[in-house]
Amino acid sequence: MGLSHLSSAMRRDTASGTPIPTVWKSLTKATAVFRRGSLVLVGAGSGTGKSAFMLTKAIKSGAKTVYHTADSRFSTQTARAASIVTGRPVAETLKAVEQGYYFDKELACISQIRFDDDAGPSPEYVAGNADLYAYLHGEYPELIIVDNLMDVVSDDGEEGSNNTDKRILQYFKELASDTNACVVVLQHLLGDYDDGTKPPPLSALINKNSKSPAMVLTLYRSDVDRLGVCIVKNRDGEANASGSLRVDLAMDLSFMSIKDLD
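In this text, all values refer to a predicted model and were calculated from it rather than measured experimentally.

Notes on the pattern of salt bridges
Enumeration according to the criterion identifies four salt bridges in this entry. Here Arg-226 makes a salt bridge to Asp-225, at a shortest N to O gap of 3.2 Å.

Below you can see the structure in the form of structure tokens.
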């Protein structure tokens, strides 16, 4: 890139730092903002709602998105997306998909989102899909979602190790910078927090690789119908590594509904 005055760099790179359109005003008010050119890590226990959280973000924001759904099949994502768009129960949309109805008309409104279901993408594969999106649409995506970190395959043969995860996240940080996309990586948490019943601190991340992301959010079920979002790292706003800075959202996964509390 070379050396630049800050003012010159900003004029050349106007998209960097631009917020992805807000979906939850309460998170924005708490300064948890997804920004282009940044790496974001979202950690949660299995079944807590992290995939639903980010699919809702992609659909409701209208952002140009590449979603790597290594953790779910296309049929599952189709049913979930259809539920978000139509307001119908997931059980109903999934049954329709299994019977051959794919909600083409209903999902035409999210054609800016492209999905990839490779079960073990490499970091280079994710970058290649960003290039492919740019080739097809004339610009890079605004949002790249990798669901999730444990499924990303590295060529060093040490999947899941601390050093491997560190290198993968550093790669995705550079990808965010190179493409001006907000790259969001989903991750599981340590065993004590895997049941999703208590606020996870920053230290709950597996391998504790929190240096590369500009923002880290951890999720848990604060109540039967509540998703707690803990802001545990936030380079551009407020955070508390203990998990004490939290925002509650109303959540009903049977309808794939995650929204601000009334």
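Focus: the packing of helix H3 (residues 50-61) against helix H4 (residues 74-86)
For the pair H3 and H4, interaxial distance at closest approach is 10 Å and the crossing angle is 55°. Comparing the axis directions of H3 and H4 gives the class oblique. Relative to H4, the crossing made by H3 is right-handed. Contact residues: H3 offers Ser-51, Leu-55, Thr-56, Ile-59 and Lys-60, while H4 offers Gln-77, Arg-80, Ala-81, Ile-84 and Val-85.

Structural notes on the packing of aromatic side chains
Going through the model one piece at a time under the given rule, you end up with four aromatic pairs. Seen in terms of ring centroids, Tyr-171 and Phe-172 are 6.2 Å apart; in terms of plane orientation they differ by 85°. Their pairing is edge-to-face. For Tyr-171, a relative accessible area of 27% corresponds to the partly exposed category. A cation sits over an aromatic face here: Lys-198 above Tyr-193, 5.1 Å from the ring centre.

Description of unusual backbone geometry
Each neighbour pair has its own omega, and for Asp-147 with Asn-148 the value is 5°, a cis peptide bond. Look at Thr-31: it is not a glycine, yet its phi comes out positive at around 70°. In this fold, Thr-31 is placed in the loop between helix H2 (25-29) and strand S1 (39-44).

Section: the environment of Lys-259
Within the secondary structure, Lys-259 sits in strand S9 (residues 257-260). Sequence separation between Lys-259 and Asp-155 is 104 residues; the distance between their C-alpha atoms is 39 Å.

Topic: the pairing of strand S2 (residues 65-68)
Taken residue by residue, a regular strand's side chains alternate between the two faces of the sheet. Every second residue of S2 is oriented toward a common face, with Thr-65 and Tyr-67 on one face and Val-66 and His-68 on the other, all of them buried. The pairing of S2 with strand S4 (residues 143-146) spans four bridges and is parallel. Residue pairing across strands places Val-66 opposite Ile-144, the latter belonging to S4.

Some words on the environment of Lys-208
Within the secondary structure, Lys-208 is located in the loop between strand S5 (182-187) and strand S6 (215-223). Sequence spacing of Lys-208 and Lys-166 is 42 residues, and the spatial spacing of their C-alpha atoms is 9.2 Å. Contacts of Lys-208, omitting those with residues within four sequence positions, involve Leu-190 and Ser-203.

A word on the nonpolar core
If you look at the biggest cluster of nonpolar residues, it comprises 45 residues, and the most contacted ones within it are Phe-34, Phe-53, Met-54 and Val-184. Among the elements that make up this core, the one with the highest residue count is H3 (six residues). Apart from residues lying up to four places away in sequence, Phe-34 is in contact with Thr-18, Pro-19, Ile-20, Val-40, Phe-53, Met-54, Lys-57, Cys-182, Val-184, Met-215 and Leu-217. The next biggest cluster of nonpolar side chains, apart from the first, holds 25 residues, and it includes Leu-169, Phe-172, Val-216 and Cys-230.

A look at a nonpolar patch on the surface
On the surface, a cluster of nonpolar side chains totalling about 360 Å² of accessible area is made up of Leu-132, Tyr-135 and Leu-136. With respect to the element layout, Tyr-135 can be found in helix H6 (residues 123-137).

What counts and how
- Residues numbered from 1 in each chain as written.
- Predicted model: local features only at pLDDT ≥ 70, side-chain atom pairs only at ≥ 80, totals over all residues.
- Heavy atoms only, no water.
- Salt bridge = Lys/Arg side-chain N within 4 Å of Asp/Glu carboxyl O.
- Axes fitted to C-alpha atoms, helices over the stretch in contact; angles between N-to-C directions.
- Helix = DSSP H or I, 4+ residues; strand = E, 2+ residues; numbered from the N terminus.
- Parallel < 35°, antiparallel > 145°, perpendicular 65-115°, else oblique.
- Left-handed = near helix turned anticlockwise from the far one by under 90°.
- Contact = heavy atoms within 4.5 Å.
- Phe/Tyr/Trp six-rings, centres within 6.5 Å; stacked < 30°, edge-to-face > 60°.
- Buried < 20%, exposed > 50% of the residue type's maximum accessible area, 1.4 Å probe, protein only.
- Lys NZ or Arg CZ within 6 Å of the ring centre and 35° of its normal.
- Pairing = 2+ DSSP bridges.
- Core = buried A, V, L, I, M, F, W, Y, C linked by side-chain atoms within 4.5 Å.
- Patch = residues over 30% accessible without salt bridge, like charges linked within 9 Å, V, L, I, M, F, W, Y side chains within 5 Å.
- Areas by Shrake-Rupley, 256 points an atom, 1.4 Å probe, with all protein chains shown as cover.

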